[in-house]
Amino acid sequence: MASVSDDDVQRVFIQAILSRAIVSRNLAQILWEKSIDAVNAAKPELELRLPTGRDAWDEFVTKINRSLDSLDLEFRHLHDENSGTQMYALVNRKGDEIAQMATEYTAAEIAFFKAIVELIMLAPRHSFSVSSTAALREVSAIRPKTNMSKSQAEAVLGSFVAQKWLIKSKHVSFLVYFSLRAYTTRRGRYSLSTRSLLELSPYLKTTYPEELIECTICLEVRHAFKYHVPPFCNNLPFQIITRGVACLRENCKTWMHRHCFTNFRRRQNSCPTCRIDWPEDHADKAFVPIGEGAAREGDDAKRWSRNAASDDDEDDDDEDEDEDEPDNTQSQSQSQSQPKARRAQRTKKTNVVQDDIDIDEEEDAEPVKKEKAPARRSTRR
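Just so it is clear, the structure is predicted and the values come from calculations on it, not from any experiment.

Q: Give a description of the overall build of the chain that names residues and reports values.
A: A tally of regular secondary structure across the chain gives 13 helices and 13 strands. A total of 381 residues make up the chain; the buried ones form 42% of that total. Counted over contacts in the chain with a minimum sequence separation of 6, partners at least 24 positions apart contribute 64%. A total accessible area of about 22,600 Å² is found for the chain, and carbon and sulfur atoms account for 49% of it.

Shown next, in the form of structure tokens:
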């Protein structure tokens, strides 16, 4: 039997984390305690004790990351956007963050997930969500083409939710207040989970730098108030926001996680950016929603794509080129169709269209006066 040492606590702890994908800080500390108990049970003479205090926990996490460093893995944390709960997960620090799912999913399923992420990130009005109908429609956009059926795609979506890559809201209808106007919206939408934001944040920042928004309060806490961040989390992008509220003033760039918004209003009741006074009743329905609360009926009728804008520009350019073509092309076409246009004149047709001047054989057989067509260009329009 292999010898047991206090280093086995880390190994047992990492195995427990791997089996759960993402855990809260409280659960992580419970797993730490259970790992110590397991090692003590295997070798009682070690008499290991659970240290207390936040510094002890930070030291343990630093030790975990030191052992994972050679594997390019990191035990990192992120705050849940709604509750503010500190969540931990093992994160791949190297390579394509989407490719880290290859151990669980096929190439087609990864491409499917990547397509859904794009729809979520490009959703209008910072809704950062997509309906199940639009998500299933993305199967046809997977490249290379796949034979994934609709039922299979639904099963894969369910797996994404079960593995905590996506969140699916309950399928209900309710009112969303936006700029003092109420909209009825139907839920059952997919959005990015805390695990995705934690593990895919480098990919999201690189691929969607213009679509990402950051929490104003998180940035203030981090920079102005010198919030204590453990050394292993110095680059933690916890200010990214996909669910929350925005200031009620139009064009104000204050965006807040819901838990940051709640905590901020306990000490201040005005916008930290534009300084407008907020309502005293603490009802956030007057604020602009961020996340699926901003979604409206009909948003998913169009496929939002990064190439959509460039495609529209190309279409406009093509139209301009068509309008700028020389007039001699039109004149040549009119000259070639002149004999037929003269016959069409007998039928009192005043608007001559190229597609309508094809005369059948019987009309061609109709006697025509043998007059030489004038050489000059037609001035008829």
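Right, picking up where we left off after that structure.
Q: Tell me about the sheet that holds strand S2 (residues 73-79), and please be specific about residues and values.
A: Across the sheet, three strands lie side by side as S1-S3-S2; this open sheet has antiparallel pairing. Since the sheet does not close on itself, it has two edges, and those belong to strand S1 (22-24) and S2, each with one partner. Within this sheet the neighbouring strands show an average axis-to-axis angle of 30°, counted without direction. Two elements, S2 and strand S3 (residues 86-92), share seven bridges in a ladder whose sense is antiparallel. Its bridge partner lying in S3, glutamate 74 is registered against valine 91. Lying over the sheet, helix H7 (residues 194-207) contacts S1, S2 and S3, oriented at roughly 40° with respect to S3.

Q: Which residues make up the side chain of serine 131, and what values do they have?
A: Residue placement: serine 131 occurs in strand S4 (residues 130-131). Those residues in contact with serine 131, other than ones at most four positions away along the chain, are Arg189, Tyr190 and Asp300.

Q: I'd like to hear about the nonpolar core, residue by residue, with values.
A: If you look at the biggest cluster of nonpolar residues, it comprises 44 residues, and the most contacted ones within it are Phe112, Ile116, Leu157, Phe160, Leu166 and Leu204. Elements with a contribution of two residues or more to this core: S3, helix H4 (107-121), helix H5 (132-137), helix H6 (150-162), strand S8 (189-192), H7 and strand S10 (240-241). Considering every element that reaches this core, the biggest residue donor is H4, with eight residues. In this structure, Val4, Phe13, Leu68 and Leu90 belong to the second largest nonpolar core, which totals 22 residues.

Q: An account of the sheet that holds strand S12 (residues 255-257) is needed here, citing residue identities and associated values.
A: Judged by pairing direction, the sheet is antiparallel, and its three strands sit side by side in the order S12-S11-S13 without closing on themselves. Each edge of the open sheet carries a strand with a single partner, namely S12 and strand S13 (288-290). Neighbouring strand axes in the sheet, compared pairwise and without regard to direction, differ in orientation by 30° on average. As defined by bridge partners, strand S11 (residues 244-246) adjoins S13 across three bridges and the pair is classed as antiparallel.

Q: Just give me the short version of the pattern of salt bridges, but keep the residues and values in it.
A: A full pass over the atoms with the stated rule returns six salt bridges. Put simply, arginine 76 and glutamate 74 hold a salt bridge, and the shortest N to O gap is 2.9 Å. Residue glutamate 74 is classed as buried on the basis of its relative accessible area, which comes to 9%. Between arginine 195 and glutamate 199 there is a salt bridge, and its shortest N-O distance comes to 3.0 Å. Of the two residues, arginine 195 and glutamate 199 are both situated in helix H7; the distance of four residues between them amounts to about one turn of the helix. On the basis of relative accessible area, arginine 195 is assigned to the buried category, the value being 8%.

Q: So what's going on with the confidence of the model for the chain? Residues and values would help.
A: Residue-level pLDDT values for the chain average 75, and 66% of them are 70 or greater. Below a pLDDT of 50 lies the segment residues 172-185, which in the model reaches 31 contacts outside its immediate sequence neighbourhood of four places, other chains included.

Q: Describe in detail the packing of aromatic side chains, supporting the description with residues and values.
A: Here a ring pair, both rings aromatic, is described through the centre-centre distance and the interplanar angle of the planes. The final tally for this structure, using the stated rule, is 18 aromatic pairs. Relative to tryptophan 57, the ring of tryptophan 32 lies with its centre 5.7 Å away and its plane at 50°, an arrangement referred to as tilted. With tryptophan 32 in helix H2 (residues 25-42) and tryptophan 57 in helix H3 (residues 54-68), the pair connects residues that are 25 residues apart, well separated along the chain. Taking relative accessible area as the criterion, tryptophan 32 reaches 6% and is therefore assigned buried. A connected cluster of aromatic rings, assembled from ring pairs, spans Phe13, Trp32, Trp57, Phe60, Phe75 and Tyr88. Lying over the aromatic face of tryptophan 165, arginine 195 brings its terminal NZ or CZ to 3.9 Å of the ring centre.

What counts, and where the lines are drawn
Residues numbered from 1 in each chain as written. Predicted model: local features only at pLDDT ≥ 70, side-chain atom pairs only at ≥ 80, totals over all residues. Heavy atoms only, no water. Helix = DSSP H or I, 4+ residues; strand = E, 2+ residues; numbered from the N terminus. Buried < 20%, exposed > 50% of the residue type's maximum accessible area, 1.4 Å probe, protein only. Contact = heavy atoms within 4.5 Å. Areas by Shrake-Rupley, 256 points an atom, 1.4 Å probe, with all protein chains shown as cover. Pairing = 2+ DSSP bridges. Axes fitted to C-alpha atoms, helices over the stretch in contact; angles between N-to-C directions. Core = buried A, V, L, I, M, F, W, Y, C linked by side-chain atoms within 4.5 Å. Salt bridge = Lys/Arg side-chain N within 4 Å of Asp/Glu carboxyl O. pLDDT = per-residue confidence, 0-100. Phe/Tyr/Trp six-rings, centres within 6.5 Å; stacked < 30°, edge-to-face > 60°. Lys NZ or Arg CZ within 6 Å of the ring centre and 35° of its normal.

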